[in-house]
Amino acid sequence: MKGISVITLVLATVLSGCAEDPRLALGEEVYRQNCKVCHAQGINGAPILGNSKMWGPRLGQSHEELLSHALSGYGLMPAKGGKTHLTDEQVSNAIFYMTSQVEISN
Amino acid sequence: MKKLVAALPLCLVMVGCGGEAKQSGIEPKVYTDSLFAVMKADRTNYTKMIIKRLGPAGASAIVPDEHWEDKPNGAPLPAQMFRYGAEAVAEMTSDFSYSLQSLWPVNSQNGPRTEVEKVGLTYINDNPGENFYGEEELGGVKYFTAVYPDVAVAAPCVDCHNGHKDTPRTDFKLGDVMGGVVIRVPM
């Protein structure tokens, strides 16, 4: 019993040490292929990746709210960015990644 | 030689009064990025506040149409509005020029004219979301040329271009890079 919890502890430490939330890596890939085209440049006012000025006011919303906006379209953003083949989970991961970048680059 | 000695203190004096010795100025990339930020903001606002609000998707008070001049309530398309701006700037200054181009233009005048424009448009198409920066020499003048992506942000972009009688391409999808803004400044 003790052995298992030690192993678990070590495993958890190793995992958290070298890999973050796996949704972020998955989300980054979704972002690169589907969202970057608008969110890198702020096309039509899309909040730019890592730009805290543009993301700041939006981060008052919960992940669920952001997700529902991205899924069904919001202002000048088309539903799922127009990439209708994406699953809700892929869009959700992309949002986790995008919001994770806000503090990092500013 | 004497002249040089005389020039040296003068040089120092000038540097002393004038501030930095090295030529100070804004980097071309920062300059074109800033110009693009203004263009992008204006284009977005025109779409959001005029076309969306007053066009068929809103109050239906205006009809955005390529042949807007033939209609009493016709309004120029965003791409036309953009070109009119570029043309007005070209009448004012040679310090910079810009245009909205595409490898698949509905208006053949909007195709690339220089090698760097072609390379840039190809690059932003192959790398969605990224800009292209290059240098070129035209008519003995060296230019810094930047190309920024223009994206199919709404269904009408795709529908109108794919269905346009003069379009060389009919398979644009939402989210595709459709063309790019080319900004050129002499160095």
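Residues numbered from 1 in each chain as written. Chains lettered and ligands numbered in written order. Predicted model: local features only at pLDDT ≥ 70, side-chain atom pairs only at ≥ 80, totals over all residues. Heavy atoms only, no water.

- An unreviewed UniProt entry annotates chain B as DUF3365 domain-containing protein of Spongiibacter thalassae.

- Under an unreviewed UniProt entry, the name given to chain A is Cytochrome c5 family protein, and the source organism is Spongiibacter thalassae.

### A short note on the interface of chain A and chain B
Here is step 1: In this complex, chain A contributes 15 residues to the contact, which on the side of chain B involves 15 residues.
Here is step 2: A buried area of about 1,400 Å², summed over both sides, lies between chain A and chain B, and 59% of it is on carbon and sulfur atoms.
Here is step 3: Taken as a group, Val-37, Gln-41 and Leu-76 of chain A account for 43% of the area that chain A buries against chain B, more than any other trio of residues on that side.
Here is step 4: Applying the counting rule to chain A against chain B returns one salt bridge.
Here is step 5: Put simply, chain A and chain B have four residue pairs in polar contact (both at pLDDT 80 or more) between them. (Contact = heavy atoms within 4.5 Å. Buried area = accessible area lost by both parts, 1.4 Å probe. Salt bridge = Lys/Arg side-chain N within 4 Å of Asp/Glu carboxyl O. Polar contact = N/O pair within 3.5 Å; in protein donor to acceptor, adjacent residues only side chain to side chain.)

### Some remarks on the confidence of the model for chain A
Residue and element names in this part refer to chain A.
Here is step 1: Considering every residue of chain A, the mean pLDDT works out to 84; 79% of them sit at 70 or more.
Here is step 2: Across chain A, the secondary-structure element scoring lowest on mean pLDDT is helix H1 (residues 2-18), at 46, and the one scoring highest is helix H4 (residues 63-72), at 97.
Here is step 3: The low-confidence segment residues 1-16, where pLDDT is below 50, has one contact with residues more than four positions distant or belonging to other chains. (pLDDT = per-residue confidence, 0-100. Helix = DSSP H or I, 4+ residues; strand = E, 2+ residues; numbered from the N terminus.)

### Here's the deal with the sheet that holds strand E3 (residues 97-101) of chain B
Residue and element names in this part refer to chain B.
Here is step 1: The strand order across the open sheet formed by four strands is E3-E6-E5-E4, and the pairing between neighbours is antiparallel. A strand with exactly one partner marks an edge of an open sheet, and here the two such strands are E3 and strand E4 (132-138). For this sheet, the mean angle separating the axes of adjacent strands, direction not counted, is 25 degrees.
Here is step 2: Each of E3, E4, strand E5 (141-151) and strand E6 (177-186) is contacted by helix H2 (residues 28-54), which is oriented at about 35 degrees to E5, the strand it contacts most. (Pairing = 2+ DSSP bridges. Axes fitted to C-alpha atoms, helices over the stretch in contact; angles between N-to-C directions.)

### Examining the side chain of Gln-41 of chain A
Here is step 1: Following the sequence through the fold, Gln-41 of chain A ends up in the loop between helix H2 (22-39) and helix H3 (52-55).
Here is step 2: Residue class for Gln-41 of chain A comes out buried when judged on its relative accessible area of 8%.
Here is step 3: Not counting the four nearest positions on each side in its chain, Gln-41 of chain A is found in contact with Ile-48 of chain A together with Phe-36, Lys-40, Gly-129, Glu-130, Asn-131 and Pro-149 of chain B. (Buried < 20%, exposed > 50% of the residue type's maximum accessible area, 1.4 Å probe, protein only.)

### Section: empty space enclosed by the protein
All names here are of chain B.
Here is step 1: Within this structure, the stated rule accounts for one cavity of 30 Å³ or more.
Here is step 2: Counted as a void, the largest cavity has a volume near 40 Å³.
Here is step 3: Ser-102, Leu-103, Trp-104, Leu-121, Ile-124, Asn-125, Val-177, Met-178, Gly-179 and Gly-180 are the residues that line the largest cavity.
Here is step 4: The element best represented in the lining of the largest cavity is E6, accounting for four residues. (1 Å grid on protein atoms, 1.4 Å probe; cavity = no way out; pocket = protein on both sides within 12 Å on 5 of 7 lines; lining within 4 Å. Points joined across faces, edges and corners; volume = space filled by probe spheres on them.)

### What about the layout of surface pockets?
Residues and elements named next belong to chain A.
Here is step 1: In this structure, the second largest pocket encloses a volume near 620 Å³.
Here is step 2: Lining of the second largest pocket is provided by 34 residues; of these, His-39, Ala-46, Pro-47, Tyr-74 and Met-77 occupy positions nearest its centre.
Here is step 3: Among the elements of the structure, H2, H3, H4 and helix H5 (88-104) are those that each provide at least two residues to the lining of the second largest pocket.
Here is step 4: The dominant element in the lining of the second largest pocket, judged by the number of residues it contributes, is H2, at six residues.
Here is step 5: Tallied by class, the residues present in the lining of the second largest pocket amount to 21 nonpolar, 10 polar and three charged. (Nonpolar A, V, L, I, M, F, W, Y, C, P; charged D, E, K, R; others polar.)

### Some thoughts on the nonpolar core
Residues and elements named next belong to chain B.
Here is step 1: Core analysis: the largest hydrophobic core is formed by 15 residues, its most contacted members being Met-39, Phe-82, Phe-96, Tyr-98, Tyr-148, Val-181 and Ile-183.
Here is step 2: At the level of elements, H2, helix H3 (78-92), E3, E5 and E6 are the ones that each hand at least two residues to this core.
Here is step 3: With sequence-adjacent residues up to four places away left out, Phe-82 is seen in contact with Met-39, Arg-43, Tyr-98, Ser-99, Leu-100 and Val-181. (Core = buried A, V, L, I, M, F, W, Y, C linked by side-chain atoms within 4.5 Å.)

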